[in-house]
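Structural description and commentary
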Amino acid sequence: MAGGAVLAATDVRTWLPYAAVAAVSALSGLTALARPGRSRPGPAAEPAGPPPESRDATAEDGRNTSARTSRTESRADATPVAPGRSVYEMTRPVRPVPVQGLADDPPFTVRAAVHSHVAHIASPGLLGTPEAVHIPLTGHNLLLTLTATGPDEVVLRSLRAEVTDRPPLRADGVALARPRMPDLVMSGDLLESAQRAVRAYRRLRSPDVAVLLDHSPAPVLAEAGADTALPLTAAPGASATLTCAPVTDDGRWVRWRLTAEIACAGRVWRPWWDLAVTATTGLARFSPDAAPTPAPVHALYPDHYDPRAPEGQRAPSETDRTFQVVAHTSRDGRGVLEMPSRPEPGPEPPGAAEAIRRADALTRAGDLTGAAEAYRSAAEAGSGQAAYLLAGLARNQGDLDGAAHWYERAAARRVPAAYNNLGVLAMLRGDLDEAERWYRRGMDAGDWAAAVGLGVVREKRGDEAQAEELWRLAGKRDVPNADQNLAVLYERQGRHREAGELFTRAAGAGDVQAAVRLGFRCHEAGDRDGAERWWRTAADAGSADGAFYLGLLLVSEGRAEDGERLWERAAARLGTPGRAVARTPPGPAAGTTYRIGAAAEPGEVYAAYELGLLHWERDDHDAALAWWTLAAGTGHVDSVFGLCQLYLNVRGDLAECLRWGYFALDIEGVPADRVAALAAGMREVAEQFAGAGAYESDPGAAAEACSLAAEAYRRLTAHDSAHRPAWEEAVRRLVALAESSGSPRARQQAANAAARLRATG
């Protein structure tokens, strides 16, 4: 009444504000009726276990937990009610179903997934099951995907559906999708989860097959060619998908089994899936001029298949402007349930927004120290956004520990992207368990970038099927890298046609690495123009890899100047050649810096090395030194050995040659033959400095070179004992040179080398 009076006093004439006031009033009254102790008459609910668990309603890792349980009042006259009475936003509308009955290793994969817009949630505490049960609504999509992984085609010959049980529907929650934002959001904490539900929404497919579960006997599909959708055939290396629509009018929990008959290479397999469905939505629809009315799923989501109107309700009306507030009643019918959501990010402290703006300006001006201080002050005051931005700054500067600390602070303030980035850091450390934990939290918070990372973890653990499913779902939401990762997986599995389609789609969407891959595919197929076109596309989008390979193509065709310009552009992020000559190269005593956020692309490094080669061939040794120093600083092996040769034979600088030689020994994965060549070369240099060659006699320098040779042989011996005699000889020679040099440093090197040799027996 007060709201209506205010609207009338302000001369408001349109109907929508009045409708909103009326609807909120009605909802408030119904909610009041639902409170313990004030419920309208009805049977008391049974005491139940823990609150419902739902990945759709949580940001917790791995485990399913509810976003919020309903509040109960501590009153002596309160009537027990079902705990966790909630409506959840659906941000995972597609859920895989495990296949059973495939004990051996068939030459195909067959996967089932349920896509529904409404699902009842029965918690483990309610049913006594180890996991929450999601019971989708009638007319949803059951997607069966058949993939031939071997050399033979695979045929899905028939399907049999059989109802196994019809127990009473016991659910303590419902998850629902949102095709659009509601006209009115009841409270601020619903806004973020509603937005995520809208982003996750996808229309159902028109079904190929309707599975009529209420028919008796059990329906058999495609028996004797009865259904045109079957048989379903997948050619070698290809996939085929069948969309089924389970239909029932039964409001109970209908449990049913779908059994397939699949033939391949003269054998027959009969896998099955245990599934669930119900016809009861429990949903009500509010409108400006009518009381809440029960709504079947087909009314709220017309793309749920209804055999009574198979073509008449395929699209929702765009002119439908009813005031939508959706809720459902508790299982004892006592009223409207609460509508909790995921926790929104923690409130920002006063002054945080201004501090972040100041830090952003300092970052743009290049004052990273000042920016970090500004972010830190806001983060320490409790700003999740500032903690997230400070973590990114630390990560870009190679401070992984600092980045992890501030990302964790951001995650504690419920900044969703922080979960994903903590997964990335865990991957960089090689901790797959920790990475999976953070990626799952990110997914549960609605971040599909985390799904791509989780797919990488699952692939590394050998679970390519789950990686494929994650990347496919993320790709449908246009998440960066999802299509490319899936294409690389298909390519490795020999599914080249599917890989090519995904690479093309990803490249067309702006994925530069996919464009680089397409350039390779064209080049390997002899399509020179296609290779240039895709590599130029990648290069023009800023890809160093694209610029490098395009430059390599042009140089091979005699267009050296064009190629050189592309390589200089590709290598620009590594630094300028002039600065590279002046900087101190890393050595055995130098600290290691990890370039994480700005890590070098392969194209940058290869371009710098090739530029060094170009200038070496032109006898421009200063320029060659500059470019090789840039590449060698990232650990490029050929550049490191090029510097050793240049410093020794052109500059006559043994100290710098040795510094880069030690650096070469610390690069992971250096081929053994390169290390052996380095050892032999240093042993020869030592002999020449000892007076047996063209160099002026210098026993100290000879000992330095011999020390590097001994260390190289020691590392070779650790992997292959055949190098031990050479190691022993190098140590004996080092001891002799150290004695003749009289150098305390040489004697210490000899003593250390001899001790390491004795320690190995």
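Note that this is a predicted model, so its numbers are computed, not measured.

Here is what the cut-offs are and how they apply
Residues numbered from 1 in each chain as written. Predicted model: local features only at pLDDT ≥ 70, side-chain atom pairs only at ≥ 80, totals over all residues. Heavy atoms only, no water. Pairing = 2+ DSSP bridges. Helix = DSSP H or I, 4+ residues; strand = E, 2+ residues; numbered from the N terminus. Axes fitted to C-alpha atoms, helices over the stretch in contact; angles between N-to-C directions. pLDDT = per-residue confidence, 0-100. Contact = heavy atoms within 4.5 Å. Salt bridge = Lys/Arg side-chain N within 4 Å of Asp/Glu carboxyl O. Buried < 20%, exposed > 50% of the residue type's maximum accessible area, 1.4 Å probe, protein only. Parallel < 35°, antiparallel > 145°, perpendicular 65-115°, else oblique. Left-handed = near helix turned anticlockwise from the far one by under 90°. Nonpolar A, V, L, I, M, F, W, Y, C, P; charged D, E, K, R; others polar. Core = buried A, V, L, I, M, F, W, Y, C linked by side-chain atoms within 4.5 Å.

**Section: the sheet that holds strand 6 (residues 141-148)**
- Here five strands make up an open sheet; going across it, the order is 2-3-6-12-9 and the pairing mixed. Edge positions in the sheet fall to strand 2 (94-97) and strand 9 (209-212), since each has one partner strand and no second. With direction set aside, neighbouring strand axes in the sheet form an average angle of 30 degrees.
- One ladder, built from eight bridges, connects strand 3 (residues 108-115) with strand 6; its direction is antiparallel. Residue valine 110 lies in a different strand from strand 6, and its bridge partner there is leucine 146.

**Quick notes on the confidence of the model for the protein**
- A residue-level look at the protein finds 73% of positions with pLDDT of 70 or above and a mean pLDDT of 75.
- Low confidence marks residues 5-16, where pLDDT is under 50. Its contacts with residues over four positions away, or in another chain, come to nine contacts.
- Across residues 312-342, where pLDDT falls below 50, the model places 123 contacts with residues more than four positions away in sequence or in other chains.

**Details of the pattern of salt bridges**
- Here the structure, examined in full by the defined rule, presents 46 salt bridges.
- Measuring nitrogen to oxygen at the nearest pair gives 3.3 Å for the salt bridge that ties arginine 308 to aspartate 249. With arginine 308 in the loop between helix 5 (297-300) and strand 18 (327-328) and aspartate 249 in the loop between strand 12 (239-247) and strand 13 (254-264), this pair connects stretches of sequence that are 59 residues apart.
- What makes arginine 308 exposed here is its relative accessible area of 56%.
- For the salt bridge of glutamate 468 with arginine 472, the shortest nitrogen-to-oxygen distance reads 2.5 Å. Placement of both glutamate 468 and arginine 472 in helix 13 (residues 464-476) is noted, with a separation of four residues, approximately one turn of the helix.
- For glutamate 468, a relative accessible area of 2% puts it in the buried group.
- Three or more residues joined by partner-sharing salt bridges are found here, namely Arg111, Glu468, Glu469, Arg472, Arg495 and Glu498.

**Structural notes on the pairing of strand 13**
- Counted residue by residue, strand 13 has eight buried out of eleven residues, so it is predominantly covered.
- By the bridge criterion, ten bridges tie strand 7 (residues 154-165) to strand 13 in an arrangement that is antiparallel. Each bridged residue has a counterpart across the sheet, and for leucine 156 the counterpart in strand 13 is isoleucine 262.
- Inspection of the sheet shows strand 13 paired to strand 15 (residues 272-277) by six bridges, in the antiparallel sense. Following the sheet pairing, leucine 258 is matched in strand 15 by tryptophan 273.
- Looking at chain direction, strand 13 and strand 14 (residues 267-269) are connected through three bridges and run antiparallel.

**With respect to the packing of helix 26 (residues 699-719) against helix 28 (residues 744-759)**
- As a packed pair, helix 26 and helix 28 sit with axes 10 Å apart at the nearest point and diverge in direction by 15 degrees. Judged on the interaxial angle alone, helix 28 and helix 26 are roughly parallel. Here helix 26 and helix 28 pass one another in a crossing that is left-handed. On helix 28, the residues touching Ala703, Glu704, Ser707, Glu711 and Arg714 of helix 26 are Arg745, Ala746, Gln749 and Arg756.
- Among the residues making up the contact of helix 26 with helix 28, the classes are represented as two nonpolar, two polar and five charged.

**Some details on unusual backbone geometry**
- With phi around 50 degrees, alanine 265 is a residue other than glycine that occupies positive phi space.
- Looking at where alanine 265 falls in the secondary structure, it is placed in the loop between strand 13 and strand 14.

**A short note on the nonpolar core**
- In terms of nonpolar packing, the biggest core is built from 59 residues, with Tyr439, Ala474 and Trp535 touching the most fellow members.
- In terms of residues, this core owes the most to one element, helix 18 (residues 544-556), which gives seven residues.
- With residues up to four places along the chain from it excluded, the contact list for tyrosine 439 reads Asn420, Gly423, Val424, Met427, Ala450, Gly453, Leu454 and Val457.
- The next biggest cluster of nonpolar side chains, apart from the first, holds 53 residues, and it includes Val640, Cys657, Leu716 and Leu737.

**Brief notes about the environment of alanine 738**
- Of note, alanine 738 is situated in helix 27 (residues 724-741).
- On a C-alpha basis, the gap between alanine 738 and glutamine 749 in space is 8.2 Å, while along the polypeptide they are eleven residues apart.
- For alanine 738, the contacting residues outside a window of four places in its chain are Ala703, Ser743, Ala746, Arg747 and Ala750.

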